[in-house]
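# Examining the three-dimensional arrangement
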Amino acid sequence: MLLIHCPYCEEARPEVEFVYGGEAHIARPVDPSTYSDEQWEEFLYIRSNPRGRHHERWRHTHGCGRFFNAVRDTVTDVFETTYKAGEARK
Amino acid sequence: MVEIAEVAVSAAELKLGAGPVAGAGVTLSHAGPPARYSLRARDAKVLSDVIGRALPGKIGDQTDGVICLGPDEFYAILPEGTVLPRGEGLAVSVTDVSSRALGLVLEGPAAISVLASGCPLDLASMKVGRATRTVFETVEIVVWRESEERWHVEVWRSFATWLWNAFVAAMPGAHG
Ligand SMILES: [Zn+2]
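If you're wondering where the values come from, they're calculated on a predicted model, not measured in any experiment. (Residues numbered from 1 in each chain as written. Chains lettered and ligands numbered in written order. Predicted model: local features only at pLDDT ≥ 70, side-chain atom pairs only at ≥ 80, totals over all residues. Heavy atoms only, no water.)

### Quick word on the overall build of chain A
In terms of helices and strands, chain A carries one helix and six strands. Per-residue burial over chain A gives 37% buried out of 90 residues. Pairs at least 24 apart in sequence give 45% of the contacts found in chain A among residues at least 6 apart. Of the roughly 5,600 Å² of accessible surface on chain A, a fraction of 49% belongs to carbon and sulfur atoms. A distance of 5 Å separates the average location of the 12 positive side-chain charges in chain A from that of its 15 negative side-chain charges. (Helix = DSSP H or I, 4+ residues; strand = E, 2+ residues; numbered from the N terminus. Buried < 20%, exposed > 50% of the residue type's maximum accessible area, 1.4 Å probe, protein only. Contact = heavy atoms within 4.5 Å. Areas by Shrake-Rupley, 256 points an atom, 1.4 Å probe, with all protein chains shown as cover. Lys, Arg positive; Asp, Glu negative; His and termini not counted. Charge placed at Lys NZ, Arg CZ, Asp CG, Glu CD.)

### Description of a nonpolar patch on the surface
Side chains of L44, Y45 and I46 of chain A sit close together on the surface and give an oily, nonpolar patch of about 310 Å² of accessible area. Inspection of the secondary structure assignment puts L44 of chain A in helix 1 (residues 37-45). (Patch = residues over 30% accessible without salt bridge, like charges linked within 9 Å, V, L, I, M, F, W, Y side chains within 5 Å. Salt bridge = Lys/Arg side-chain N within 4 Å of Asp/Glu carboxyl O.)

### Side note on the pairing of strand 4 (residues 53-59) of chain A
Every regular strand shows the same layout, with side chains that alternate between the two sheet faces. Residue and element names in this part refer to chain A. Bridging between strand 3 (residues 19-23) and strand 4 involves three bridges; their strand directions are antiparallel. Across the sheet, the residue bridging to Y20 is W58, located in strand 4. Across seven bridges, the pairing between strand 4 and strand 5 (residues 67-73) is antiparallel. Paired with R57 across the two strands is N69, which belongs to strand 5. (Pairing = 2+ DSSP bridges.)

Scope: geometric values only; no functional claims are made or implied.
Laid out in C-alpha cells, this is it:
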C-alpha cells in the first residue's frame, strides 16, 4: 500500500484514507459568461496528462478531511512532495 | 451450470451484540452512551471560549475527550448528559451528534491485532492518548488509544453491526 504524507496531519498515512482529486492549480474562471465554448471546454475537460511529474489534488477524506496538492510521478507512482492548498506550485 | 455456494452469514443474520465478547487476550464491549459533539471553527480560541474547555492544538491530539480531527474540526466524546453552549452569533459550530455513532471498546493485549485486521494505520506507533479518523476495511471510524491496551472505536450507527461482527470474527477464540 502507498503511504501519502498529509501536509495537515504531518504524517505518512495509508493510501486508502485518501481520494484523488484531479489535476491541481486549475483556477475556475472568474467570469465564465465571457468564455467562448472552446475556452470553456478547455477549462472543463482539457488536462496536461504528463508522463512524469504531475501536480494533482488529493483529499485526506478519512483523516483530517482536507484537500491538498501533491507532485506525483505518473510513471513510477512516487510522491515527490505534498503541500497545503493555497501554497505556490512546487 | 455454475453452483453458487451459500454465504456463511447473510447481512440479515448479522446482529449487534449487546454484552462483552471475550476472545484470547481481547474483549469487545460497548463504551456506553456518551454525549458526542461535532465542533467546527476556523479560530480554535473562539471555540475554546464558547465551550469553556481547552482544545488540543494538533491534529490527532486529544484533551479530556476532545479530539482534534482536522485543522478546524474537533470531535468531543463527553460524559452522558453534558450540554455544551452553542455560541450563537459567533463563527463556530457546536452540534450535538450523540445519536450518530456508537462507541465500541477493544481491550487487552490482543486488541491491537484485532483492530489491525482491518485498519491500515501503524497502530503500534500510535501514542497513548492520540486519536484519529481512519478506516476499518471500507468503514470510516474514529480510533482513540485510551491506554496501552484499550482502544475506543467510534462508528456511525448504520455500520456498527457489521463492525461488531468483523471484530468478533477477528478475535481469536471468540463467538458472537
Ligand atoms: Zn490529513
